[in-house]
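One letter stands for each residue in the lines below.
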Amino acid sequence: MSGIDAVKKIVETEAQARRIVDEAAARAQKIISETREQAERIKQEAVSSAQGRREGILREAKEKAEAEARQSDQETEQTLDTYRKLSDERKAAAVTKAVALILNA
């Protein structure tokens, strides 16, 4: 092999090495880009899932609070009814005693 052939071979080898490095860099960049996109999709899915769980928890809490409020309203209404009945009974007893006092006077 002559010196010129050796130089040509070196130049060809360097060019081939540059192509290999460039291809590897392009593949690495593509992998990085795909990985970022995948990470973003995973992040969005996680955020979406968390929002769904949050909405479910809030909905359940609201339903529970409303049920408790209705129960409290019913209990309060029952207590008021009891007090009304007692008041009416005491009023009737007071009227009866007042009438009896007036008639006996």
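Here we summarise the structure given alongside this text.

The rules behind the values
- Residues numbered from 1 in each chain as written.
- Predicted model: local features only at pLDDT ≥ 70, side-chain atom pairs only at ≥ 80, totals over all residues.
- Heavy atoms only, no water.
- Helix = DSSP H or I, 4+ residues; strand = E, 2+ residues; numbered from the N terminus.
- Rg over C-alpha atoms; globule rule 2.2 N^0.38 Å.
- Buried < 20%, exposed > 50% of the residue type's maximum accessible area, 1.4 Å probe, protein only.
- Salt bridge = Lys/Arg side-chain N within 4 Å of Asp/Glu carboxyl O.
- Patch = residues over 30% accessible without salt bridge, like charges linked within 9 Å, V, L, I, M, F, W, Y side chains within 5 Å.
- Areas by Shrake-Rupley, 256 points an atom, 1.4 Å probe, with all protein chains shown as cover.

Time to look at the overall build of the protein chain. Counting its secondary structure elements, the protein chain contains one helix and zero strands. Relative to the compact-globule value of 13 Å for 105 residues, the protein chain shows a C-alpha radius of gyration of 45 Å, a clear excess of over 25%. With respect to the three principal axes, the spread of C-alpha positions in the protein chain is 150 × 15 × 10 Å. Within the protein chain, the proportion of its 105 residues that are buried is 1%.

Relative to the elements of secondary structure, glutamine 16 occurs in helix α1 (residues 3-104). On the basis of relative accessibility, which here comes to 44%, the residue glutamine 16 falls in the partly exposed class. Spatially, the C-alpha atom of glutamine 16 lies 95 Å from that of leucine 80, the residues being 64 residues apart in sequence.

The subject of this paragraph is the pattern of salt bridges. Opposite charge on two side chains permits them to pair, given that their charged atoms come into close proximity. Enumeration according to the criterion identifies two salt bridges in this entry. Here glutamate 77 and arginine 84 are joined by a salt bridge, their closest N and O atoms 3.5 Å apart. The class of glutamate 77 is partly exposed, set by a relative accessible area of 39%. The shortest N-O distance in the salt bridge between aspartate 81 and arginine 84 comes to 2.7 Å. Here the residue aspartate 81 and the residue arginine 84 both occupy positions in helix α1, the gap between them amounting to three residues, near one helical turn. Residue arginine 84 is classed as partly exposed on the basis of its relative accessible area of 43%. Salt bridges sharing common partners tie together Glu77, Asp81 and Arg84.

Turning our eyes to something else, we now look at a nonpolar patch on the surface. A contiguous nonpolar surface patch, about 290 Å² in accessible area, is contributed by Val95, Val99 and Leu103. Take valine 95: it is sitting in helix α1.

Note that all results are geometric; they support no functional claim without further evidence.
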